[in-house]
Amino acid sequence: MGQDNDSSAGMSRFEPQKVWDPAIRIWHWMLVFSVVSGWLLGEFRSFSTMQWHIYAGYTTGILILFRIVWGFIGPPPVRFRALAVTPSTLKKYAGKMLRREPSGAAGHNPVGAVSVILMLVLLSVQVLTGLFSEDDALFFDGPLASMVSGSTRTTLTAYHQLSSKAVLIVVLLHISAILFYLLWKRENLVKAMITGWKIVRK
Amino acid sequence: MTKRFKNIFIGILISCASLAALPMAQAADDDAVAQAIKARQAGFRLYSFYAGQLFAMAKGEQEYNADLAATLANNLVAVTELNNGMMWLPESDNTARKGKTRAQPEIWAADSNIGDKAQTLKDAALGLSLVAGDGLDALRGEIGAVGEACDSCHEDYRAEDF
Ligand code: HEM
Ligand code: HEM
């Protein structure tokens, strides 16, 4: 390793590196669980399961809070600093994105960084509106619903529903992007999010 | 002095004119359609008042009281059995009366099944009324069907916001 004798050919330009720390990996799969279960419990709600929707929502909220803290004090690849992309780096990467080779980023590639921020913002909106939502058919209220007027409650409940559609779209995009990297770019990001080891450009 | 009187006179004139215009503005807001909308919303308020306390009991937020529970459930049955068809006038949907109602035009469409949904609620309320006074567990067993009947109609026929 390390010797650069055939650096022009194939995988020798890449090396495995430990990129994702254990906390972000556990965090990610907990988030998958809380978002998928929360979404399903909201969309297919019943009187006997609605309380679980609210618990799933609290779990998502706590996970988002953790991610915000981790964005400041976590290891370099998950810091918000590493997620700050400029239009020019984004454009530069987007131009190379369709190439049939791994991106080899030692963390998020620029397009990935944008989607991470989008997901975190959208899920924050989902949780925040949920806190003020009211279900006036099954009679469940978010814990802060009584702090606002009835018409505000109705509006925030409508936004909660609207943003749940956006969450669905963005999660499907997220999964499509991962499949695109796996099948087209031959880069297995899922394994990296499980083991922490990622193929990184030397 | 005379100029001041003139100003006061004009002021009074304007006030009288706007006071006279006020009832006219209200009339447009209180025609037969507006009254029907308010009446049916009052009906839903009653559903919500009776059902809401039963839900609060079922969730342990209000102490269970067998007599009150039975009365609330019987009242709910009574109001769901009213024939309020005359309140659903043409041109009383949320496109014709923006900001006043959340009732969607699909209610009036040829393939509307709002009648079936209303029947589902009636059946659920009746089922609840048969056991509501028999204890908390009996109440809990039947109340879900009531909320789910409300929810399913809102899902198809009520807009999310005004
Ligand atoms: C503390 C957090 C949350 C609370 C308190 C909460 C509360 C609520 C309430 C009261 C409703 C019922 C609204 C209605 O009847 O129309 C609802 C619906 C829903 N929620 Fe949440 N929620 C939270 C978080 C989330 C999260 C994180 C997601 C998804 C990622 C989510 C997805 C949904 C969905 C899909 C619906 C159904 C919307 C519909 O089709 O009517 N919620 N939520
Ligand atoms: C089974 C479905 C999913 C798979 C296979 C998956 C996989 C991945 C992978 C491989 C990454 C790292 C991407 C990179 O290297 O640039 C990632 C990141 C991320 N995923 Fe997922 N994901 C899934 C579902 C979800 C869901 C449902 C959510 C939440 C709505 C989500 C939210 C995120 C977020 C926020 C990140 C960024 C992590 C960070 O801040 O470092 N994922 N996901």
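Below, the structure is looked at part by part.

So, how was this worked out
Residues numbered from 1 in each chain as written. Chains lettered and ligands numbered in written order. Predicted model: local features only at pLDDT ≥ 70, side-chain atom pairs only at ≥ 80, totals over all residues. Heavy atoms only, no water. Near = heavy atom within 4 Å. Polar contact = N/O pair within 3.5 Å; in protein donor to acceptor, adjacent residues only side chain to side chain. Helix = DSSP H or I, 4+ residues; strand = E, 2+ residues; numbered from the N terminus. Contact = heavy atoms within 4.5 Å. Buried area = accessible area lost by both parts, 1.4 Å probe. Salt bridge = Lys/Arg side-chain N within 4 Å of Asp/Glu carboxyl O. Nonpolar A, V, L, I, M, F, W, Y, C, P; charged D, E, K, R; others polar. Donors = N, O, S within 2.8 Å, 3.2 Å for Na, K, Ca; no water. Buried < 20%, exposed > 50% of the residue type's maximum accessible area, 1.4 Å probe, protein only. Axes fitted to C-alpha atoms, helices over the stretch in contact; angles between N-to-C directions. Parallel < 35°, antiparallel > 145°, perpendicular 65-115°, else oblique. Left-handed = near helix turned anticlockwise from the far one by under 90°.

With respect to the site of ligand 2
All names here are of chain A.
- What surrounds ligand 2 is a group of 21 residues, the closest being His-28, Arg-67, His-108, His-174 and Leu-189.
- At 2.6 Å, a side-chain N or O of Arg-67 approaches an oxygen atom of ligand 2.
- In the model, an oxygen atom of ligand 2 is placed 2.9 Å from a nitrogen or oxygen of the His-108 side chain.
- Of all the secondary-structure elements, those providing two or more residues to the shell around ligand 2 are helix 1 (22–43), helix 5 (110–131), helix 6 (150–183) and helix 7 (189–195).
- The element best represented in the shell around ligand 2 is helix 1, accounting for seven residues.

Section: the interface of chain A and chain B
- Contact residues are listed per partner, giving 13 residues for chain A and 18 residues for chain B.
- Around 1400 Å² of area is buried between chain A and chain B when both sides are counted, 55% of it from carbon and sulfur atoms.
- Ranking the residues of chain A by area buried against chain B places Phe-47, Ala-137 and Phe-139 of chain A at the top, with a combined share of 43%.
- Across the contact surface, chain A and chain B share three salt bridges.
- Salt-bridge contacts for Glu-155 of chain B lead to Arg-45 of chain A; the nearest nitrogen and oxygen are separated by 3.0 Å.
- Our count for the contact surface shared by chain A and chain B stands at seven residue pairs in polar contact (both at pLDDT 80 or more).

Thoughts on the site of ligand 1
Residue and element names in this part refer to chain A.
- Around ligand 1 there are 23 residues in total, and His-53, Gln-126, Gly-130, His-160 and Gln-161 lie nearest to it.
- Within the side chain of His-53, an N or O atom sits 2.7 Å from a nitrogen atom of ligand 1.
- The contact in question runs from an oxygen atom of ligand 1 to an N or O atom on the side chain of Gln-161, over 2.7 Å.
- It is helix 2 (residues 50–73) that contributes the most residues to the shell around ligand 1, five residues altogether.
- The class makeup of the residues in the shell around ligand 1 is seven nonpolar, twelve polar and four charged.

What to know about the coordination of the iron atom of ligand 2
- Around the iron atom of ligand 2, the protein contributes the donor atoms His-28 of chain A (NE2) and His-174 of chain A (NE2), which lie 2.0 Å from the metal centre.
- The class for His-174 of chain A is partly exposed, based on a relative accessible area of 24%.

Quick notes on the packing of helix 1 of chain A against helix 2 of chain A
All names here are of chain A.
- Contact geometry for helix 1 and helix 2: axes closest at 8 Å, N-to-C directions at 150°. By the criterion of interaxial angle, the relationship of helix 1 to helix 2 is roughly antiparallel. Crossing hand, helix 1 versus helix 2: left-handed. Here Ala-23, Ile-24, Trp-27, Met-30, Leu-31, Ser-34, Val-35, Ser-37, Gly-38, Leu-41 and Gly-42 of helix 1 come into contact with helix 2, specifically with Met-50, Trp-52, His-53, Ala-56, Thr-59, Thr-60, Leu-63, Ile-64, Phe-66, Arg-67 and Trp-70.
- When the residues that make up the contact of helix 1 with helix 2 are grouped by side-chain class, the tally is 14 nonpolar, seven polar and one charged.

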